Amino acid sequence: MSKGEYKYYHLFRCRLSRTGICVHLFQWVHLIVRGKICKRLGFILKPKNSSPMLPWVIEVKTPEEIVKMRAAGRVAREVLDIAGRAVKVGITTDEIDALVHEESLKRGAYPSPLNYHGFPKSCCTSVNEVICHGIPDNRKLQEGDVINLDITCYLNGYHGDCSEMFVVGEPDDKARKLLQTTYDSWVKAMQFVKPGNDYKDIGAIIEDHIVERGFTTVKKFCGHGIGSVFHTNPNIFHYRNSEPNGQMAPGHTFTIEPMICEGTAQCLTWPDQWTATTQDGLRSAQFEHTLLVTPEGVEALTGKIETSPVQFWERESDVHNGVWLGTTPAAKAREEIVKAASTGEN
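Before going into details, it helps to say that this report is about the structure given with it. Bear in mind that the values here come from a model prediction, so they are computed numbers and not experimental data. (Residues numbered from 1 in each chain as written. Predicted model: local features only at pLDDT ≥ 70, side-chain atom pairs only at ≥ 80, totals over all residues. Heavy atoms only, no water.)

On the surface, a cluster of nonpolar side chains totalling about 280 Å² of accessible area is made up of L54, W56 and V57. Assignment of secondary structure puts W56 in the loop between β4 (36–37) and α1 (63–85). (Patch = residues over 30% accessible without salt bridge, like charges linked within 9 Å, V, L, I, M, F, W, Y side chains within 5 Å. Areas by Shrake-Rupley, 256 points an atom, 1.4 Å probe, with all protein chains shown as cover. Salt bridge = Lys/Arg side-chain N within 4 Å of Asp/Glu carboxyl O. Helix = DSSP H or I, 4+ residues; strand = E, 2+ residues; numbered from the N terminus.)

Next up, the structure:
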């Protein structure tokens, strides 16, 4: 999401013109062929209300909305795990996209990126020097590639958004350092989240961690609030800033998603108007969770589950050993369950 972008529309509804019956689009997924809706049925797309213009005005989710956010986050996590397992030498990102599309619909969800402001695919696949918003294509993944899979699923009116890095084969030493540094800075930032803290202070935590290790943080894109609207307040900058983006409070839902680069953090945008790459061609890495602020701290609504793969940066982290699911007692209890499951698999 670019800074200053506030108005996004993502609540789709449709009407059967002959019967006048209103139904959610996602109950009629058999009428969708790669996101193209049969116009003969007269479907009408209704925009969701825009985000508040003041950056410190942040929606507080109700208990009922939080239940829906948890469900959307769970679906996004399941789809991300499936897509991640498909990463291997020789597969194309188009094939991964098709898998994401199919698995989202299987779960009664819609892949949020598809047709979002004209985005042509169901997920973002950002390989090597691609910072974010990579459009899946017919390029085959090669040994040593690093890839970010960014998955967002829209379920029962709410979005769950997450991304993770995957390595094709074995990473080189520089890639290992980039991935570990990016992951650790992200976890440090998430551990900071609790009621009363300022959103602006997230960025300094990330920047301080990565700069002393020789990396740079992208300033063109940011994390964001999320709920029934895909992107809304607050904006989450991943660098030191003094923006008046409000204070954390129970019921807030948002993403932290730092984009960290081996070289320059300056971006190039491809002619497709989506793909953003580093100017020097060096690699970039990113992780993302949808987070919920609670009275006791923070929980990852897109956190890993018992069947999720555990990556080397989780096992080798000096910031948090093992899968990170949040700071609340409930999140810590789930971490132990996931840890026991992953230990049993090994």
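All told, the structure shown has 22 salt bridges when counted by the stated rule. Measuring nitrogen to oxygen at the nearest pair gives 3.0 Å for the salt bridge that ties E299 to R70. A residue pair is termed long-range when its members are at least 10 positions apart, and E299 in strand β19 (residues 297–300) and R70 in helix α1 qualify at 229 residues. Accessibility expressed as a relative area gives 6% for E299, which makes it buried. Its relative accessible area of 35% is what places R70 among the partly exposed residues. In this structure, E102 and K106 form a salt bridge, with 3.9 Å as the shortest nitrogen-oxygen distance. Of this pair, E102 and K106 both sit in helix α2 (residues 93–106), four residues apart, roughly one helical turn. (Buried < 20%, exposed > 50% of the residue type's maximum accessible area, 1.4 Å probe, protein only.)

On to the pairing of strand β8 (residues 146–155), then. Two faces, one strand: in a regular strand the side chains alternate between the faces of the sheet. Counting buried residues along β8, ten of its ten residues qualify, which places the element largely inside the surrounding structure. Side-chain alternation along β8 places V146, N148, D150, T152 and Y154 on one buried face and I147, L149, I151, C153 and L155 on a second face that is also buried. Taken together, the two bridges between strand β5 (residues 110–111) and β8 define a ladder with antiparallel strand orientation. For P111, the partnering residue across the bridge sits in β8 and is C153. Note that strand β6 (residues 124–127) and β8 share four bridges and pair antiparallel. Note that in β8 the partner of T125 across the bridge is L149. Bridge count for β8 against strand β9 (residues 158–167) is ten bridges, and the pairing is antiparallel. Across the sheet, residue V146 finds its bridge partner in β9, namely V167. Here β8 hands over to β9 after two residues, with N156 in that stretch at a positive phi of 50 degrees. (Pairing = 2+ DSSP bridges.)

This part takes up the sheet that holds strand β14 (residues 259–261). Note on sheets: strands pair through backbone hydrogen bonds, and any given pair is parallel or antiparallel. The strand order across the open sheet formed by three strands is β10-β14-β17, and the pairing between neighbours is antiparallel. The sheet terminates laterally at β10 (216–217) and β17 (284–286), the two strands that pair on one side only. Where β10 lies against β14, two bridges are found, and the strand directions are antiparallel. For T217, the partnering residue across the bridge sits in β14 and is I260. Sitting on the sheet, helix α3 (residues 173–191) touches β14 and β17, and the angle it makes with β17 is about 35 degrees. (Contact = heavy atoms within 4.5 Å. Axes fitted to C-alpha atoms, helices over the stretch in contact; angles between N-to-C directions.)

All right, on to the packing of aromatic side chains then. According to the stated counting rule, one finds nine aromatic pairs in the structure shown. Summarising the aromatic geometry, the rings of Y199 and F254 are spaced 5.0 Å apart at their centres and angled 85 degrees between planes, so their arrangement reads as edge-to-face. One end of the pair, Y199, is in the loop between α3 and α4 (201–211); the other, F254, is in strand β13 (residues 253–256), and 55 residues separate them in sequence. Grouping residues by exposure puts Y199 and F254 together as buried. Three or more aromatic residues joined by ring pairs form one cluster here, namely Y183, W186, F287, F312 and W313. (Phe/Tyr/Trp six-rings, centres within 6.5 Å; stacked < 30°, edge-to-face > 60°.)

Strand order in the open sheet made by the three strands is β7-β16-β15, with antiparallel pairing throughout. The open sheet terminates on both sides in strands that have one partner only, identified here as β7 (130–132) and β15 (267–269). The mean inter-strand angle of the sheet, taken between neighbouring strand axes irrespective of direction, is 40 degrees. Sheet analysis places β7 next to strand β16 (residues 276–278), joined by two bridges and oriented antiparallel. For C132, the partnering residue across the bridge sits in β16 and is A276.

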